[in-house]
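Chain and residue survey
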Amino acid sequence: MAGRHFLFVPGPTNVPDRVQRAMLVAMEDHRSSKFPELTLPLFEDLKKVFKSTDGQVFIFPSSGTGAWEASLSNTLSPGDKVLASRFGQFSHLWIDLAQRLGLDVQVLEEEWGTGVKPDKIEAILRDDKSHQIKAVLAVHNETATGVTSDIGAVRKAIDAAGHPALLYVDGVSSIGSLDFRADEWRVDLAVAGSQKGLMLPAGLGIVCVSPRALAASKTAGLKRVYFDFADQIKANATGYFPYTPPLPLLYGLRESLRILFEEKLEHVYERHHVLAGGVRAAVKAWGLHPCAKESKWDSDTVTAIVVPQGINGADVIDAAYRRYNLSLGAGLSQVAGKVFRIGHLGDLNDLMVLGAIAGAEMAMRDVGIDITLGSGVGAAQTHFRSTVLAKEKKP
Ligand code: PLP
């Protein structure tokens, strides 16, 4: 089909042209004396995205799942008890990974469409007088349902219980798009991936590790080889990787960080909030509902839209893809067929999002959903215009 494909899955996201060009590099010697000039600033600049000053960032040639595994296997021992909330496919998969590593996971089941409940975490930690729970796992942004949890409140809950558990946060679909504060929330292990807010292809799993977590890694008993922090610590110090790094991705990361800093992170978060507001206005105008049960759970990076009874969300996605050159996100696991998702993160602007909303409207009508064509587009236009005009009025 002519024209650009409209990629609106919640990762991988659009790779900006500047980043694409930056990745077109000849291979080079990753042991050269010059190589650290590329890598050392990457570690430091990534810390700015995590909002960490005293942590250390490790970059693994892996997807986000590898970074999940790295965070757990480096800091915990076989049979260690960890507390994790499950409310979507990604919180489920992290729990599954923890169990397969041999950890004893206490699962807090939450309704899908809601998120982490800090009060429940506090109560459980208060009861754990002998401090058997070594870790609290929280998914900041559940990509499957479009739910964002309050990580600052989770930190407060742990502190209120006076509990020493380490805090692990999955920020794969939030870091680089939503406000994330590793230092302020004292996140011990923050996990990110390259293919969402960082606007790169998949292939880099990134972890920001607090000094407490680094200390825990010295005595943690789980086996790790490829993901060993000890090897990465040397990489951080020298700028060389323990194995062959994916050079184009590192050059791409250099450029994507430059783009984020040029826009300024606070503006990036604000832009995502506005784009998400447009999508939410469209959903309301369609007379449909997001999967997020209350507005306090709304995610600014992805919206899962519940399709009416008798309609298969997969048909909406297929019509959008085949007829209108638009990729929407699928419903996963418990919500398979029940929702379709619009990813609104990364290198996007108002008009691109309007295109996705327009395409979703046509696809929904094609499969028999009774919405008025243009209603969502109109609502989103109103939202975007009022935001732009309000900003212009500000002194
Ligand atoms: N965590 C979240 C919140 C995700 O959205 C994803 C992927 O979409 C992952 C973890 C897993 O990352 P990856 O697919 O890069 O392994």
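Before going into details, it helps to say that this report is about the structure given with it. (Residues numbered from 1 in each chain as written. Predicted model: local features only at pLDDT ≥ 70, side-chain atom pairs only at ≥ 80, totals over all residues. Heavy atoms only, no water.)

**Let's talk about the layout of surface pockets**
Counted as a void, the largest pocket has a volume near 320 Å³. Contributing to the lining of the largest pocket are 15 residues, with His140, Thr148, Ser149, Leu178 and Asp179 lying nearest its centre. Residue classes in the lining of the largest pocket are distributed as five nonpolar, five polar and five charged. Summarising the domain contributions, the lining of the largest pocket has at least three residues from each of domain 1 (18-262) and domain 2 (264-393). Looking at the second largest pocket, its volume works out to about 250 Å³. Arg4, His5, Asn14, Asp347 and Met352 are the residues nearest the centre of the second largest pocket, which is lined by 13 residues in total. Put simply, the parts of the chain that give the lining of the second largest pocket at least two residues each are β1 (6-8) and α1 (17-23). In terms of residue count, the dominant contributor to the lining of the second largest pocket is β1 (three residues). Looking at the lining of the second largest pocket residue by residue, the class counts come to six nonpolar, four polar and three charged. (1 Å grid on protein atoms, 1.4 Å probe; cavity = no way out; pocket = protein on both sides within 12 Å on 5 of 7 lines; lining within 4 Å. Points joined across faces, edges and corners; volume = space filled by probe spheres on them. Nonpolar A, V, L, I, M, F, W, Y, C, P; charged D, E, K, R; others polar. Domains from an automatic or database assignment. Helix = DSSP H or I, 4+ residues; strand = E, 2+ residues; numbered from the N terminus.)

**Describing empty space enclosed by the protein**
Scanning the model with the defined rule gives two cavities of 30 Å³ or more in all. Of the residues assigned to the lining of the largest cavity, the class counts are five nonpolar, four polar and two charged. In this model, the second largest cavity occupies a volume close to 40 Å³. Lining the second largest cavity, in full, are Ala84, Ser85, Ser91, Trp94, Ile95, Leu137, Ala138 and Val139. Secondary structure elements with two or more residues in the lining of the second largest cavity: β3 (81-86), α4 (89-100) and β5 (133-139). When grouped by side-chain class, the residues that make up the lining of the second largest cavity number six nonpolar, two polar and no charged.

**Side note on the side chain of serine 73**
On the secondary structure map, serine 73 appears in helix α3 (residues 64-73). The exposure class assigned to serine 73 is buried, which follows from its relative accessible area of 1%. (Buried < 20%, exposed > 50% of the residue type's maximum accessible area, 1.4 Å probe, protein only.)

**Observations concerning the pairing of strand β12 (residues 302-306)**
Looking along a regular strand, one sees side chains alternate from face to face of the sheet. Among the five residues of β12, four are classified as buried, and the element is accordingly described as predominantly covered. Examined bridge by bridge, strand β11 (residues 289-290) and β12 share two bridges and lie antiparallel to one another. Within the sheet, the bridge partner assigned to proline 290 lies in β12 and is isoleucine 305. Examined bridge by bridge, β12 and strand β14 (residues 339-343) share five bridges and lie antiparallel to one another. Across the sheet, threonine 303 pairs through a bridge with isoleucine 342, a residue of β14. (Pairing = 2+ DSSP bridges.)

**A look at the site of the ligand**
As a matter of local geometry, the ligand sits amid Ser63, Gly64, Thr65, Trp68, Phe90, Asn141, Thr143, Asp170, Val172, Ser173, Gln195 and Lys196. Between aspartate 170 and the ligand, the recorded distance is 2.6 Å, taken from a side-chain N or O atom to a nitrogen atom. Alone, the ligand offers 390 Å² of accessible surface; in the complex the protein occludes 87% of this. Across the shell around the ligand, the residue classes break down as three nonpolar, seven polar and two charged. (Near = heavy atom within 4 Å. Polar contact = N/O pair within 3.5 Å; in protein donor to acceptor, adjacent residues only side chain to side chain. Areas by Shrake-Rupley, 256 points an atom, 1.4 Å probe, with all protein chains shown as cover.)

**Concerning the pattern of salt bridges**
The full count for this structure, using the stated rule, is 27 salt bridges. Residue arginine 155 pairs with aspartate 159 through a salt bridge whose shortest N-O separation is 2.9 Å. Placement of the pair is arginine 155 and aspartate 159 together in helix α6 (residues 151-160), with a separation of four residues, close to one helical turn. What makes aspartate 159 partly exposed here is its relative accessible area of 37%. Note that arginine 224 and aspartate 228 form a salt bridge whose closest N and O atoms lie 3.9 Å from each other. For the pair formed by arginine 224 and aspartate 228, the shared burial category is buried. (Salt bridge = Lys/Arg side-chain N within 4 Å of Asp/Glu carboxyl O.)

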